Amino acid sequence: MKKYCIIFLIILTLNGCQTNTNISNNRTDIINKKVDSLLGIMTLDEKIGQMNQYNGFWDVTGPAPKNGDAKFKFNNLKKGLVGSMLNVRGVEEITALQKIAVEETRLGIPLIIGNDVIHGYKTLSPIPLAEAASWDLKEIENSARIAALEASAAGTNWTFAPMVDISRDARWGRVMEGAGEDPFLGSLIAAARVRGFQGDDLSKNHTIAATAKHFAGYGFSESGRDYNTVDVSKNTLYNVILPPFKATLDAGVRTFMNGFNELDGIPVTGSSFLQRDLLKGEWEFDGFVISDWGSIREMIPHGFARDGSHATELAIKAGSDMDMESHLYIKKIKELIEAKKLDIELVDDAVSRILRVKFELGLFDDPYRYLDAEREKEVINHPDNHKAVLEMAKKSIVLLKNENQLLPLNKSDQRIALIGALANDNNSPLGNWRTNSDNKTAVTVLEGMKAYPDNKLIYSKGADVNLNDDGVVKFHEKVKINDSDKSGFNAAKNAAKNADVVVMVLGEDGFQSGEGRSRTDIGIPGVQQELLEEVYKVNKNIVLVLMNGRPLNINWADKNIPSIVEAWQLGTQTGNAVAQVLYGDYNPSGKLPMSFPRGVGQIPIYYNYKNTGRPGPSNTVFWSQYNDQLNTPLYPFGYGLSYTSFEYSNLKIDNKNLTVGNSINVSVDLKNTGNYTGKEVVQLYIKDRFASVTRPVRELKGFEMISLNPGEIKTVNFEISETLLQFYSANEIWESESGFFDIFIGTNSNADLQESFELIK
Ligand code: BGC
């Protein structure tokens, strides 16, 4: 019992100081004092232990492990040599671990429990890329809040999310986990997610610490191949990659994760520039940095560290505070200190940061505050959570094409053929990051459509997407794509022949995107493309519903299929969301957060490119263009239709001169010219015509979601101030430069209503 008294005394004594009026500063001061006091009584081993994170290691509720890795980890936990664990879940399991940490170690320092709560815990919302397509920051924040509610009720107090890596490469499997290609939208979404996870008080037991990852540049892996080299300019780093990280910092994110990639020749896990100088120095981040899984050890194959000891030294010096599963800190730090290769101050700094976050989470006040079995039962899968993820799912759907108003479907007297294995798949819609959830728990499209009983619905699979056992791909398993079995084609064609409308649900298996799941061919996988073309021969009235974790190459469909709906992987409520959109009970309002290319050869493709000295296209040769393809994407960033139509007019600017400290107003009239009530995301883009470094052809600088009834008109206003025009300049600082700017407002990144103004400094 002695040990608890020490910690208890520290806490009690310092709590007594809390008399000041400035509660927040006071709280920070008190926590810092508590951290210092605790650090003062820790041995070197105990400090190193705090920097050590282990993956879940044994059936905790069963007998203690007798040998092997599990026994080793278990013994270290008992000795107080583990600061955190990941991939342990649920109140029962985590309580057993926390008990050991708190009641059996000398100081009783509680564990911080991390998990990849990426888009929900048990009740899954859409994959993050899909959520980004909603452009609805409130809903995205709410989705993260629901995830935190469930995760915290199940004992997790730290999530490795949001992933805020900007990416321009649809081949990279992890685009599903981010917010797409744009730093402006990406920053707003990143901040919304942090607010959702962390709430306004981290010490409440329904909020969890968030992680901004992967710091930095991982989304620019060469050729879209995961873990590959990243080689970007400072210009791209500062103007494109870093802004969302900075946004999470400003939103109060408590941890950062480094990554697997190198940047400018240095693996980011060993990058002092990123972690020590920029993040902890210039940005004054006072939380802690966790390594990515094994990324400290991986500096050896990178050819940056000689051996484990060297990797440890480099990582700690660079500012990587906690070791996720490299097992190096626990083995090497002591030797390095004794050999005087590492200053104890660096260890103290790392440990203080980790303890600070544990104090902020309230773990020292009550290490069991996230561990209430009753609450777990009550909160997980609560109907309100399902309601919330359904809302999020509907808002994430993007209508790509709708010729002849084939959609929405009539609710009665129609014969509908529903085709595609994904239409009856309750697993793929959960996406790749469902580690905390249960397989096969999504509402299928077939189930969702059955809720509209007044049509005659016939389902025919057509073809499997994968040929894995039982159609289920495991987390570490490759997807065996079906590129041969067409035995179901005839039945599908027969179903289509006799239907008024054919709904085909095609796309990727849930495990074709995500970590380690890059693709070079981003078409509709396997025999599904052929199935689409075969069915088209017998019935052209096709609604194609796409299920996928990345932009796909769908040129043929775009040319031939009258209606196309981008439904991504929408999580637990997928089928209900898709059905409600197809039947018009929800009018789609999503907009693409990533460009859809016309072919892999165009990648990387993004709307905010630079003009070059020879901007194409031209009929002659020597221009920046392809000889066999257009430069433009198939569907641009920001693109998405509605069942109604909108008209933009009357773009006005109240002042053609902008000065520092003032703002100018731009307004536009938006009219609903169709027959349905609908929502439109009005988008503002700005082009800086000339600067000390080249600037993109345009950049998103504002957007507003407007709901209008048929015939209704609203005026939408945007304020433009000098700060909105700042960028990382030739002076290597954030600043604006005087000169002329063009404004574009409209329905996507091709917006063509145009005005201009001058910034006078
Ligand atoms: C991923 C991280 C993730 C970690 C823990 C790594 O492989 O890159 O994003 O948080 O595993 O699961």
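Values in this document were obtained by computation on a predicted structure and should not be read as measured data.

The rules behind these values
Every residue gets a number counted from 1 within its own chain, in the order that chain's sequence is written. Per-residue local features are limited, in this predicted model, to residues with pLDDT of at least 70; the limit for side-chain atom pairs, both in listing and counting, is 80 or more; totals at the level of whole chains, interfaces and linings are taken over all residues. Side-chain metrics in this entry use all non-hydrogen atoms of the structure; hydrogen atoms and water are not considered. To pair, rings of Phe, Tyr and Trp, with the six-membered ring standing in for Trp, must have centres within 6.5 Å; the planes then decide the type, stacked if under 30 degrees apart, edge-to-face if over 60, and tilted in the middle. Think of it in three bands: residues with accessible area under 20% of the maximum for their type are buried, residues over 50% are exposed, and the middle band is partly exposed, with areas taken using a 1.4 Å probe on protein chains only. All axes are obtained by fitting lines to C-alpha atoms, using only the stretch in contact for helices, and the reported angles, taken between N-to-C directions, cover 0 to 180 degrees. Counting from the N terminus, the helices are the DSSP runs of H or I reaching at least four residues and the strands are the DSSP runs of E reaching at least two. For a crossing to be left-handed, the near helix must be turned anticlockwise from the far one by less than a right angle; the clockwise case is right-handed. Here a residue-residue contact requires only that any non-hydrogen atoms of the pair lie within 4.5 Å. Any residue outside Ala, Val, Leu, Ile, Met, Phe, Trp, Tyr, Cys, Pro, Asp, Glu, Lys and Arg is labelled polar, Gly included; the first ten of those are nonpolar and the last four are charged. To be near a molecule or strand, a residue needs just one of its heavy atoms within 4 Å of it. The definition of a polar contact used here is a pair of N or O atoms within 3.5 Å, where within protein one atom must be able to donate a hydrogen and the other to accept one, and adjacent residues in sequence count solely through side-chain atom pairs. A 1.4 Å probe and the Shrake-Rupley method give the accessible areas. Residues count as covered only by the protein chains that appear here. We define a salt bridge as a contact between a side-chain nitrogen of Lys or Arg and a carboxyl oxygen of Asp or Glu at a distance within 4 Å.

1. A short note on the packing of aromatic side chains
Working step 1: A full pass over the atoms with the stated rule returns 25 aromatic pairs.
Working step 2: Judged by centre distance (5.0 Å) and plane angle (75°), the rings of Trp158 and Phe160 are edge-to-face.
Working step 3: With a relative accessible area of 0%, Trp158 lands in the buried category.
Working step 4: Since its relative accessible area comes to 1%, Phe160 is described here as buried.

2. Points about the packing of helix α7 (residues 137-153) against helix α8 (residues 183-198)
Working step 1: Two numbers describe how α7 lies on α8: the axes approach to 7 Å, and their chain directions differ by 35°. Handedness of the α7/α8 crossing: right-handed. Contacts between α7 and α8 involve Leu137, Ile140, Glu141, Ala144, Arg145, Ala147 and Ala148 on the former and, on the latter, Leu188, Ile189, Ala192, Arg193, Arg195, Gly196 and Phe197.
Working step 2: For the contact of α7 with α8, the per-class residue count stands at 9 nonpolar, 1 polar and 4 charged.

3. Some points on helix α18 (residues 528-538)
Because an α-helix completes one turn every 3.6 residues, residues spaced three or four positions apart along the sequence face the same direction.
Working step 1: Turning to α18, its buried residues are Gln528, Gln529, Leu531, Leu532, Glu534, Val535 and Tyr536.
Working step 2: The inward-facing, buried residues of α18 abut β12 (415-419), α17 (489-497), β14 (501-507), β15 (542-547) and α19 (555-560).

4. Side note on the site of the ligand
Working step 1: Taken together, 13 residues lie near the ligand, and Asp116, Arg174, His214, Asp292 and Glu515 sit nearest.
Working step 2: The contact in question runs from an oxygen atom of the ligand to an N or O atom on the side chain of Asp116, over 2.4 Å.
Working step 3: At 2.7 Å, a side-chain N or O of His214 approaches an oxygen atom of the ligand.
Working step 4: Out of a free accessible area of 310 Å², the ligand has 93% covered by protein chains.
Working step 5: The residue makeup of the shell around the ligand, split by class, is 7 nonpolar, 1 polar and 5 charged.

5. Observations regarding the pattern of salt bridges
Working step 1: Under the criterion given, the structure shown has 41 salt bridges.
Working step 2: The salt bridge involving Lys73 is made with Asp69; its shortest N-O contact spans 3.5 Å. One end of the pair, Lys73, and the other, Asp69, are both in helix α4 (residues 68-78), 4 residues apart, so they sit about a helical turn from each other.
Working step 3: Judged by relative accessible area, Lys73 falls into the buried class, the value being 3%.
Working step 4: Three or more residues joined by partner-sharing salt bridges are found here, namely Asp116, Arg174, Glu177, Lys213 and Glu515.

6. Focus on unusual backbone geometry
Working step 1: Here the residue pair Ala161 and Pro162 is connected by a cis peptide bond, since its omega of 10° sits within 30 degrees of zero.
Working step 2: Relative to the helices and strands, Pro162 is located in the loop between β4 (158-159) and α8.
Working step 3: Residue His214 follows Lys213 across a cis peptide bond; omega there is 0°.
Working step 4: You can see His214 is positioned in the loop between β5 (211-213) and α9 (234-250).
Working step 5: Unusually for a residue other than glycine, Asn87 sits at a positive phi of about 60°.
Working step 6: Relative to the helices and strands, Asn87 is located in the loop between β2 (84-86) and α5 (91-104).
Working step 7: Taking the relative accessible area as the measure of exposure, Asn87 reaches 26% and is therefore partly exposed.
Working step 8: You will see that Tyr227, though not glycine, has its phi angle at about 70°, which is positive.
Working step 9: With respect to the element layout, Tyr227 can be found in the loop between β5 and α9.
Working step 10: Taking relative accessible area as the criterion, Tyr227 reaches 38% and is therefore assigned partly exposed.

7. Digging into the side chain of Ser221
Working step 1: Structurally, Ser221 can be placed in the loop between β5 and α9.
Working step 2: At 2.8 Å, the side chain of Ser221 and the backbone oxygen of Tyr218 are in polar contact.
Working step 3: Ignoring sequence-local partners within four residues, the contact set of Ser221 consists of Asp169, Trp172, Tyr227, Asn228, Thr229 and Val230.

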